[in-house]
Amino acid sequence: MSRKITFLTLFLLLMTVTFPVIAQQKTDTTYTFRFVPQKDMFYVPWNGNDTELARLLECIENSKATIFDGKLPLLVDGYCNSLGGEAENLATAKIRANRVKSELITRAKIKEENFITHNHATGGDFVIVRLTVPAKETAAMDAEAEARRKAEAERLATEKRAEQERLAEDQRKAEEARLAAEKAEAEKAALQNTLTGTPSETKITNDYHLSLRANLLRWATLTPDLGLEWRICPSCGIAVNGSWTSWTWSDKDRRYALWEVVPEIRYYMGEKKTWYLGAMFKAGQFNYKISETGKQGDLMGGGITTGYQLRLNKALTLDFNLGLGYLNADFEKYEVIDGVRVRCGNETKNWCGPINAGVTLVWKLF
């Protein structure tokens, strides 16, 4: 009997010594921060993240000395599975983990070396931060953590199903709207063609790709002008016009001569493609002697153009256009003495404003 009493006394003494140690065993304390699917921004007030952050900051504050000593690292696990591929998911999980760490570094004044980070392309859209800290009720905390993990997994699964259903519904509605719009457009075009008995203006615009151009204003000033326009598509065209003339009178004492090349890119707007905006470039040379002093030199410039096309019939159109921009003229002045040109200086002029205008007859070739 004395031996049993002695053994029982030793057993109780041993349990008295070892129970605090068992009670002081370490366990993981888990904090979960949720992210919007397919996004990497850390929204602190969203979906309970502010509460989790406050709990985590309180835990860090209580264990700050141990954390700074490197004895208690913060285990950070980033998760993402809402993107198309594993590489994209891992990259987004890494960004999410870094955003949470940046928040902790800013608020708790801890350092990068206090973290151990892992990233995962499965599980959901969240970041988990764990600290292995002493706990008195290990089993209870483990059960709480497991319950929270299961609840989080169920919540994520529910959200994912709801998101998939929403996307499927949106896609169905968009497809129905597209089909309805196409049907309405076809009915409108059919009705319009029936009433007019001719193809629509847009259809007529598509019937040609190349046209011949002549600026009637240039021809009116005895300056022959011809050009071509290539319509790459109904909305875009490339045009180029060239002008050339050479006139002399008063026994060649008076002269009017020039040549110009004007390439242009156009964008046609509206349903009928009658209005347009464009960009032009102008280059050429001139030789004028209308008075006692002649001017001979080069000109160069460019700017924006705008215009309107008035359809006359199936083949002919009038193109009213205006160009605004910058023009530079670099020329020499001269006088003619005894039939010989005598140079009397040079000059450069810059002009900002209207640099091109036309009433152009357009002949659609095909």
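Residues numbered from 1 in each chain as written. Predicted model: local features only at pLDDT ≥ 70, side-chain atom pairs only at ≥ 80, totals over all residues. Heavy atoms only, no water.

A.B. asks: How do you make sense of the environment of Glu 175 when you look at a structure like this?
C.D. replies: As for its placement among the helices and strands, Glu 175 is situated in helix 5 (residues 138–196). Among the polar contacts made by the side chain of Glu 175, one reaches the side chain of Arg 178 at a distance of 2.5 Å. (Helix = DSSP H or I, 4+ residues; strand = E, 2+ residues; numbered from the N terminus. Polar contact = N/O pair within 3.5 Å; in protein donor to acceptor, adjacent residues only side chain to side chain.)

A.B. asks: Help me understand the pairing of strand 11 (residues 316–337) in this model?
C.D. replies: The two faces of the sheet receive side chains in turn, since in a regular strand these alternate between them. Examined bridge by bridge, strand 10 (residues 294–311) and strand 11 share 18 bridges and lie antiparallel to one another. For Gln 309, the partnering residue across the bridge sits in strand 11 and is Asp 319. Where strand 10 folds back onto strand 11 in an antiparallel hairpin, the turn is made up of four residues. Between strand 11 and strand 12 (residues 340–364), which pair antiparallel in sequence order, lie two residues; one of them, Asp 338, sits at a positive phi of approximately 55 degrees. (Pairing = 2+ DSSP bridges.)

A.B. asks: I would appreciate a short explanation of the packing of helix 2 (residues 49–62) against helix 4 (residues 86–108) in the present structure.
C.D. replies: The description of two helices packed together rests on the angle between their axes and the distance between the axes. Their axes nearest at 11 Å, the elements helix 2 and helix 4 cross at an angle of 55 degrees. Relative to helix 4, the element helix 2 lies oblique. Regarding helix 2 and helix 4, the two cross each other, and that crossing is right-handed. Across the interface between the two elements, Leu 53, Leu 56, Leu 57 and Ile 60 of helix 2 pack against Glu 103, Leu 104, Arg 107 and Ala 108 of helix 4. Considered class by class, the residues forming the contact of helix 2 with helix 4 number six nonpolar, no polar and two charged. (Axes fitted to C-alpha atoms, helices over the stretch in contact; angles between N-to-C directions. Parallel < 35°, antiparallel > 145°, perpendicular 65-115°, else oblique. Left-handed = near helix turned anticlockwise from the far one by under 90°. Contact = heavy atoms within 4.5 Å. Nonpolar A, V, L, I, M, F, W, Y, C, P; charged D, E, K, R; others polar.)

A.B. asks: Just checking my understanding: could you explain the sheet that holds strand 8 (residues 254–269) for this structure?
C.D. replies: Sheets are built from strands paired through backbone hydrogen bonds, the pairs being either parallel or antiparallel. Taken in spatial order, the eight strands of this closed barrel run 5-6-7-8-9-10-11-12, and their pairing is antiparallel. The mean inter-strand angle of the sheet, taken between neighbouring strand axes irrespective of direction, is 20 degrees.

A.B. asks: What is the right way to read unusual backbone geometry from this model?
C.D. replies: What is expected of a backbone is that most residues other than glycine have negative phi and most peptide bonds are trans. Positive phi, normally seen in glycine, also occurs at Lys 109, with a value near 60 degrees. Mapped onto the fold, Lys 109 is located in the loop between helix 4 and strand 3 (115–120). The backbone of Lys 273 sits at a positive phi, close to 55 degrees, despite the residue not being glycine. Relative to the helices and strands, Lys 273 is located in the loop between strand 8 and strand 9 (275–289). Lys 273 sits in the buried class, given a relative accessible area of 16%. (Buried < 20%, exposed > 50% of the residue type's maximum accessible area, 1.4 Å probe, protein only.)

A.B. asks: Just to check I follow, could you spell out the pattern of salt bridges for this structure?
C.D. replies: Where side chains of opposite charge bring their charged atoms close, a pairing between them can arise. Across all of its chains, the model carries 26 salt bridges by this definition. The partner of Arg 155 in a salt bridge is Glu 159, and the shortest N-O contact between them spans 2.2 Å. Note that Arg 155 and Glu 159 are positioned in helix 5 at a spacing of four residues, about one turn of the helix. Its relative accessible area of 17% is what places Arg 155 among the buried residues. Between Arg 343 and Glu 332 there is a salt bridge whose closest N-O contact spans 3.4 Å. Taken together, the positions of Arg 343 in strand 12 and Glu 332 in strand 11 put the pair eleven residues apart, joining distant regions of the chain. (Salt bridge = Lys/Arg side-chain N within 4 Å of Asp/Glu carboxyl O.)

A.B. asks: Please clarify how helix 4 should be interpreted in this entry.
C.D. replies: Residues that lie three or four places apart on an α-helix share one face, since the helix turns once every 3.6 residues. Taking 1.5 Å of rise per residue, the 23 residues of helix 4 would be expected to cover 33 Å, and the 32 Å separating its terminal C-alpha atoms lies within 8% of that figure. Within helix 4 the residues assigned to the buried category are Asn 89, Thr 92, Ala 93, Arg 96, Ala 97, Val 100, Lys 101, Leu 104 and Ala 108. Where helix 4 terminates, the next one or two residues include Lys 109, which has phi positive at roughly 60 degrees. (Expected span 1.5 Å × (residues − 1).)

A.B. asks: Sorry if this is basic, but what is going on with the packing of aromatic side chains here?
C.D. replies: A ring pair, where both rings are aromatic, is described by two values, the distance of the centres and the angle of the planes. One pass over the structure, following the stated rule, counts eight aromatic pairs. Where Tyr 268 meets Tyr 276, the ring centres are 5.3 Å apart and the plane angle is 55 degrees; that geometry is what we call tilted. An identical accessibility class is assigned to Tyr 268 and Tyr 276; each is buried. One aromatic cluster is present, formed by Tyr 256, Phe 286, Tyr 288 and Phe 331 through successive ring pairs. A cation over a ring is seen here: Arg 231 above Tyr 268, with NZ or CZ 3.8 Å from the ring centre. One Lys or Arg, Arg 341, reaches over the ring of Tyr 334 and ends 5.1 Å from the middle of that ring. (Phe/Tyr/Trp six-rings, centres within 6.5 Å; stacked < 30°, edge-to-face > 60°. Lys NZ or Arg CZ within 6 Å of the ring centre and 35° of its normal.)

Any functional reading would require information beyond the geometric quantities listed.
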